[in-house]
Amino acid sequence: MRHVIALDVGGTGMKAALAGPEGAVLHRARRATGREQGPEAVVAGILDFAAELRAYGAEHFGTPAEAAGVAVPGIVDEARGIAVYAANLGWRDVPLRELLAERLGVPVTLGHDVRTGGLAEGRVGAGRGADRFLFVALGTGIAGAIGVDGRVEAGAHGFAGEIGHIVVRPGGAACPCGQRGCLERFASAAAVSEAWATATGVPDTDAADCAKAVDSGDPKARAVWQEAVDALADGLVTALTLLDPRTLIIGGGLAEAGETLFTPLREAIRSRVTFQKQPPIVPAALGDAAGCLGAGLLAWDLLDRTDRMEVTP
């Protein structure tokens with residue numbers, strides 16, 4: 001049976017699958033990244049894991065995988081297949097595509113984790129059927145994926161979709177990117193956790209606790225939550241103005257609050273738009289499987305391009 005390797009590398013763990021031609025998941029596996037052993041050990045672990053997946057496919061499906069797609073965090077040069085920088089893995093300029101292709105003996109494609117997850121959400125998840133979508137992940141930081149006609153735009157230098165670094169509060173809190181007032185300093189899950197911990201004086205509380213307090217009517221929680229919603233709406237309206245997506249998909253940890261987030265967010269955006277068309281604002285559908293599913297789609301897309309090149313005179 002024809003299949004590809006799909007691998008999603010996170011800060012602490014890796015999710016993998018063998019995916020069939022129609023995106024069907026034939027086999028799933030997980031493994032720790034082993035980042036406590038250093039960046040070289042992480043790369044070695046990825047190569048070993050991918051080789052094991054190839055061997056499993058050959059044994060159980062009669063043939064090895066035809067290609068591999070890999071989603072990685074941080075800054076990714078997708079055109080050259082290089083993991084440029086990932087602070088949580090200690091990476092700088094890792095030629096991961098080349099290393100994997102050499103180990104597996106098949107074509108390999110490399111993608112940014114959020115863009116890869118966004119590809120899956122747009123094609124087979126919450127944005128299915130939309131010719132243009134914007135996927136925004138509200139996690140420790142905020143990042144996005146711009147979907148156009150079934151693909152995700154990486155940009156000229158691999159930075160497309162970095163909506164978390166739109167400045168929404170000029171002169172506001174300093175961001176590790178070097179700017180002040182970035183969206184992710186006010187509306188990420190980490191920012192809400194920090195603001196709620198400050199408001200309550202409880203250091204180990206988080207955004208999920210804040211959402212529960214909002215639901216119970218706590219005025220402090222509502223103030224913290226509304227500040228985040230307002231900042232998020234400001235950033236998203238900027239994105240809507242530039243991109244005019246058919247569907248806006250919101251995922252990540254903060255989106256797990258459900259309508260506690262979506263109801264005020266839709267209203268905040270509605271109150272800000274003028275000439276812009278407000279698209280449906282929907283929760284992501286694939287959860288933490290999105291990155292892995294997207295990596296599989298990248299691999300099949302790579303094969304499709306390769307097949308077309310082979311038959312073109």
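Residues numbered from 1 in each chain as written. Predicted model: local features only at pLDDT ≥ 70, side-chain atom pairs only at ≥ 80, totals over all residues. Heavy atoms only, no water.

Caption draft 1: Representation of the nonpolar core in the model. Val136, Trp225, Leu236, Leu248, Ile250 and Ile269 are the most contacted members of the largest nonpolar core, which totals 42 residues. When contributions to this core are tallied by element, the ones reaching two or more residues are strand 9 (132-138), strand 10 (142-148), helix 4 (184-187), helix 5 (189-200), helix 6 (207-215), helix 7 (219-243), strand 12 (247-251) and helix 8 (259-272). Considering each element in turn, this core owes the most residues, twelve residues, to helix 7. Residues within four places of Leu248 in sequence aside, it is in contact with Leu134, Val136, Leu236, Leu240, Ile269, Pro279, Pro280, Ile281 and Val282. Counting residues in each nonpolar core, the second largest holds 30 residues, with Val42, Phe49, Ala65 and Val72 among its members. (Core = buried A, V, L, I, M, F, W, Y, C linked by side-chain atoms within 4.5 Å. Buried < 20%, exposed > 50% of the residue type's maximum accessible area, 1.4 Å probe, protein only. Helix = DSSP H or I, 4+ residues; strand = E, 2+ residues; numbered from the N terminus. Contact = heavy atoms within 4.5 Å.)

Caption draft 2: Summary view of the environment of Val148. Here Val148 lies in strand 10. Each C-alpha atom, one on Val148 and one on Arg169, is 29 Å from the other, the two residues being 21 residues apart in sequence.

Caption draft 3: Highlighting unusual backbone geometry. The residue Asp149 is not glycine, and still its phi comes out positive at about 50 degrees. On the secondary structure map, Asp149 appears in the loop between strand 10 and strand 11 (151-153).

Caption draft 4: How the structure looks around the sheet that holds strand 5 (residues 75-77). Reading across the sheet, the three strands line up as 5-6-7 and stay open at both edges, with antiparallel pairing between neighbours. If you trace the sheet from one side to the other, it starts and ends with strand 5 and strand 7 (91-94), each paired once. Across this sheet, the average inter-strand angle for adjacent strands is 15 degrees, counted without regard to direction. In this sheet, strand 6 (residues 82-86) lies alongside strand 5 in antiparallel orientation, the contact comprising three bridges. When the sheet's bridge partners are listed, Val76 is paired in strand 6 with Ala83. (Pairing = 2+ DSSP bridges. Axes fitted to C-alpha atoms, helices over the stretch in contact; angles between N-to-C directions.)

Caption draft 5: Main features of the pattern of salt bridges. Evaluated as defined, the whole model comprises 17 salt bridges. Among the salt bridges present, the one from Glu78 reaches Arg115, with a minimum N-O distance of 2.8 Å. Taken together, the residues Glu78 in the loop between strand 5 and strand 6 and Arg115 in helix 3 (residues 113-124) connect sequence positions 37 residues apart. Given the relative accessible area of 24%, Glu78 is considered partly exposed. Between Arg246 and Asp131 there is a salt bridge whose closest N-O contact spans 2.9 Å. Of this pair, Arg246 sits in the loop between helix 7 and strand 12 while Asp131 sits in the loop between helix 3 and strand 9, and the two are 115 residues apart along the sequence. What you see here is one network of salt bridges that share partners, running through Arg169, Asp230, Asp234 and Arg272. (Salt bridge = Lys/Arg side-chain N within 4 Å of Asp/Glu carboxyl O.)

Taken by themselves, the reported measurements are silent on function.
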